[in-house]
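What follows is each chain in one-letter form.
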Amino acid sequence: MSTIAEMKEQLDRERNITRSGPPKAPSNPFFGVGPITDATIDEVAGRLRRVEFDAWLEANYRKLDDKGNDLGPFTTAEIGRSMHRGYPADKILTDMMRSIHQYFEFPKQNPMAVGLGGGHSGFTVAVLHLMNPNDAKQRVYVDTTKPEAAESDGAGFFRQSWATQVLELQKFAKNGSADRVQFATVEGSIPAAAELEALGTTLFVGVGHETTGANSYSRSEVEELLKWLDGDPENRHAVFDATSMLGAMPWGEDLVREVLAKCCVFMPFQKAIGGISGYFVISFTPQALKLIEDNLNDPAWAIPRQLKLAPPVDAKLPISGKRSWAIGPFYDAGQHRMLGGVINTYSALAFAETTFGLLQTAKRVGSASDMNRRSVENRRVISDWIDNSSLLSFTVKEPEKRGAAVVLLKVNDPDIADKQIHARIIARSKQLLGYEGITHVNGEHEKGLDAARYVNAFPGMPGDYRAWIGGIRDAEDIRLLLDNLAYAYRRAKIAVLEEELAAQGERFDRAASADGLARKDDPKRAYTVLIADLLGLRMGKDGSPDCSEIAAYIRKKGGEFHFGPLQDRSALEGGRIHFFYQPGLSTEAELLGCTAQEEYDALITAATFIPRQSVFPLGGVRIGAGTGNMGSASWGGPDGVGGVAPLMNTPGINSRATAQMVMKALIKVVPNLPVDELHGRTVAGNFDTGRDLKDFPTAKLEGQKLAVLGYGNIGREVAKLAKAFGMRVCVYAREAHRDWIEAEGFEYADSPVKAAIDANVLSVHVGLGRLDASTGKFSNAGLVNHEVLSGLADGAVLINYDRGELVDIDALDAAFVAGKVSYASIDADIFSNADNGTLRGPLVPYLPLSERFPGKLELLPHVAADTDHPTRVAGAKQAVDQIYDAIQFKAVRNLKGTLPEGYVDLGPTVPVGIGQSTSANLRALADQADELKALRQLSERIAAVVGGIDATSDPERRAALIIRYRSDFALDLLKHRRILDEAGLFAPAAKASAE
């Protein structure tokens, strides 16, 4: 081993190379699969594929009565517990054989048998039928080296063990002779046609070298084999274990078709889909079938009955009777039928899974020819990667001999000469490549990459990593596999070097934990934040709004809360964030008097209008959703575009309060029952229910149409409340929201005009939109215009608890006159000059309408969202947290507009249950083990009941299921909904880019 100094140098070098962290993982970590696989990328995809398989099975295998009437589907459970002979098992088997035959493009004249067993045992069965020691002229050539010969050192245990079986079969057969078996001198090779002929070979056996050794036949070798076969097609035969070769034959389409036509091809499928019974299929040439028939009528050994491909013609004569493959488990593609049956130890469900797997492969990858081409491309991708790597190299040196399905790689590390150390590193790297991970000598655990499982080289093979890289995998996955192999080796090498150094007395201290965000603030600086709005709406003991909760919250976080303006920055304690509470600031002059010279680093406000000239170099937060009042150029105005500081808000904090106020405004007038009058008459004894009730007809909300403009947090909450009242809800929003809107049971409209048609109520929640710098107008100003209001039902109610500018005042005036609008409630900002009483703000244009239409217009000074003290406090606490993140970590939550340089976007944050469902909501639920387990159990029970009823066509059986499970089903649904609601997941999903 190296010296301590050398090991430390190696350690530093490997740490430096891997400092940027692990590469991206492949889409699927399983690299030990065959030519057919479900290719699911994770646990959820695997379960969804299972559901898809169940549905496919039920659609394709139906129960029929004796008249041919459809009685419903066979389910997965029924087929799994049924016999594997008769209907539908026979049809399932026939369908599978046809699917394999067609997908891999075998010629129709070559029947295909199905047999019990898989891998090497199945291949032995296949060769048993073709090899006959009673035939003294038969000579067998096996493409692996002779067991225990000098040249077999790198042949690998599996091929050598199979070769031993061939020798022993000959040795213990009565007329057998080991001399009739010729082994290759070079592993995995095909001699020239002339050499095979000179050896007297009549049966060539390809042992499946690529499965273990990652070496393939070259095109010229295959051409020589076919040339040899063509020399005497009646008496020369070739059989391949094509476990790897199927879908990975890199010889060109025409040559592949010729191989499939002239050779016998063996394929085990027990690993391919995951069926509960191992089995194999093998295609035979017509000439090979004649050989089988001859061999079974001159037997050299007893083949167990379940493995026989050629049973007796007369069942009463199992020993002495004639045998024939023509009544065996063979599929005749020309007739599309099985020539004989199979024994009951097979799994019909596994057969169905194979058919389904082939259909999925065809959909995802394409034809077998496409898979071959993809395999060749993946081989090229690996070659290109290895050409640029000094760490990994091929064990197979000849490029044309490298397999297109399996790759075997070895590590070339000049630092590591000790074989035992090398083996330790390889073993630890495979822990890291999987899910186990590795623990370093200081106790720190490096979690598993879960990037490449089953990359072990077969025993005895000269290599470190073996992986299936055939055409079922995308080329990008192959590149990522190699990146992860290299990374895992280097990280494992670090762990082993640390262990070696620790054994010689070196210490490795545990690194300090990190939360993922690095502090970027100045630890000596005093930061200042202006709070320019009320933090509490409940009166304290002194008669003024109580802000004590926020003051205490700030101090608990380590900040300081100051009443009044900043006086002397130099007197402030460094290393803290200081908040200055000035809720009385209102006019532009007042604000600019204390903010134009960068007096404060950041801002928190709610309704106060912030002038463009106000400077806040480290950001601002508006308590609430809209930011139309946030005009500072520090963040680029209300849209937060182009500024040096981030603009943030607290969306969703007041959504429910605003939505509830919308419903309060509506319920004032609908149902239009004169409650005060009825109360007075009742108290005065002047009302008889039976006689006078007819004089007070009223309309209820249920069944009326409410149009919501906007599908943001408030608009969605209004829609949900209206639906709870039984109203028809139509929502206008961008097309991207349509699926979510309709999924929640609302109607969708692609324009405000369409949404408003025949609506009894119109509620506006779209925000002002972007400001046009050239005109000084917002994009949504005047959105509710003549055309929108004209479409309403006569006597409709208009509610605008958003921005006053959204309604065209002249259009509203005309709508009142025409009777289209009977009542309107507007909540918008209004400000009064303390000196002369001059009014300004978006509510001012509505004041003349109030005089013209008394009793029909309710005007509120933008208070709908701010009447709830707990809501304002919650919003203020969130704003304080956002300011801390922005100053200390340059991290932004609820960003409005563009992200300034140097900041990181942490995505949106809203109260649970408000607005869109995010990954954070699901993560929070995942962290609640009991709730997540309950949700899973409920989901599975609900799916079981629905699936069982759907799969049952018989009316009486369906009725019995409904009676049996109805009560539990209803209870499970309510519990399921409760968990999702509380987790905030019963909502449209946020875009990934927004998180």
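Reference entry: report on the structure contained in this document. (Residues numbered from 1 in each chain as written. Predicted model: local features only at pLDDT ≥ 70, side-chain atom pairs only at ≥ 80, totals over all residues. Heavy atoms only, no water.)

1. Some thoughts on the sheet that holds strand β16 (residues 465–468)
Spatially, 3 strands are ordered β12-β13-β16 in an open sheet, and the strand pairing comes out antiparallel. Of all the strands in the sheet, the pair left with one neighbour each is β12 (392–394) and β16. Averaged over all pairs of adjacent strands, the angle between strand axes in this sheet comes to 35°, irrespective of strand direction. Looking at chain direction, strand β13 (residues 406–411) and β16 are connected through 4 bridges and run antiparallel. Across the sheet, the residue bridging to V407 is A467, located in β16. Running at roughly 35° to β16, helix α14 (residues 419–433) makes contact with β13 and β16 of the sheet. (Pairing = 2+ DSSP bridges. Helix = DSSP H or I, 4+ residues; strand = E, 2+ residues; numbered from the N terminus. Axes fitted to C-alpha atoms, helices over the stretch in contact; angles between N-to-C directions. Contact = heavy atoms within 4.5 Å.)

2. Some points on the pairing of strand β7 (residues 237–241)
The buried fraction of β7 amounts to 5 of the 5 residues, a majority that puts the element mostly inside the structure. Side chains H237, V239 and D241 project from β7 onto one buried face, and the interleaved A238 and F240 project onto a second face that is buried too. Here strand β6 (residues 203–206) runs beside β7; their pairing, made up of 4 bridges, is parallel. Among the inter-strand pairings, G206 is bridged to a residue of β7, identified as F240. Note: β7 against strand β8 (residues 264–268), 3 bridges, orientation parallel. Counterpart to F240 in the pairing with β8 is V265. (Buried < 20%, exposed > 50% of the residue type's maximum accessible area, 1.4 Å probe, protein only.)

3. Some details on helix α13 (residues 368–387)
Taking 1.5 Å per residue, 20 residues should reach 28 Å; α13 reaches 29 Å between its end C-alpha atoms and fits that length. All of the buried residues along α13 are A368, S369, M371, N372, S375, N378, R379, V381, I382, S383, W385 and I386. Its buried side turned inward, α13 meets α4 (89–103), α10 (253–262), α12 (348–364), β12, β13 and α15 (475–503). (Expected span 1.5 Å × (residues − 1).)

4. Some words on the packing of aromatic side chains
Following the criterion strictly, the structure yields 24 aromatic pairs and no others. Measuring from centroid to centroid gives 6.0 Å for W56 and Y61, while their planes differ by 80°, and the two rings are edge-to-face. By the burial criterion, W56 is buried, and Y61 matches it. Centroid distance Y103 to F104: 5.1 Å. Interplanar angle 85°. Geometry classified as edge-to-face. Of the two residues examined, Y103 and F104, each falls in the buried class. Of the aromatic side chains, those joined through ring pairs into one cluster are F53, W56, Y61 and F356. In this structure, R473 packs its charged tip against the face of F31, placed 4.0 Å from the ring centre. Above the ring of F889, the side-chain terminus of R519 is found at 5.8 Å from the ring centroid. (Phe/Tyr/Trp six-rings, centres within 6.5 Å; stacked < 30°, edge-to-face > 60°. Lys NZ or Arg CZ within 6 Å of the ring centre and 35° of its normal.)

5. Thoughts on unusual backbone geometry
For the peptide bond that leads from Y87 to P88, omega is 5°, which places it in the cis range. Relative to the assigned elements, P88 resides in the loop between α3 (76–81) and α4.

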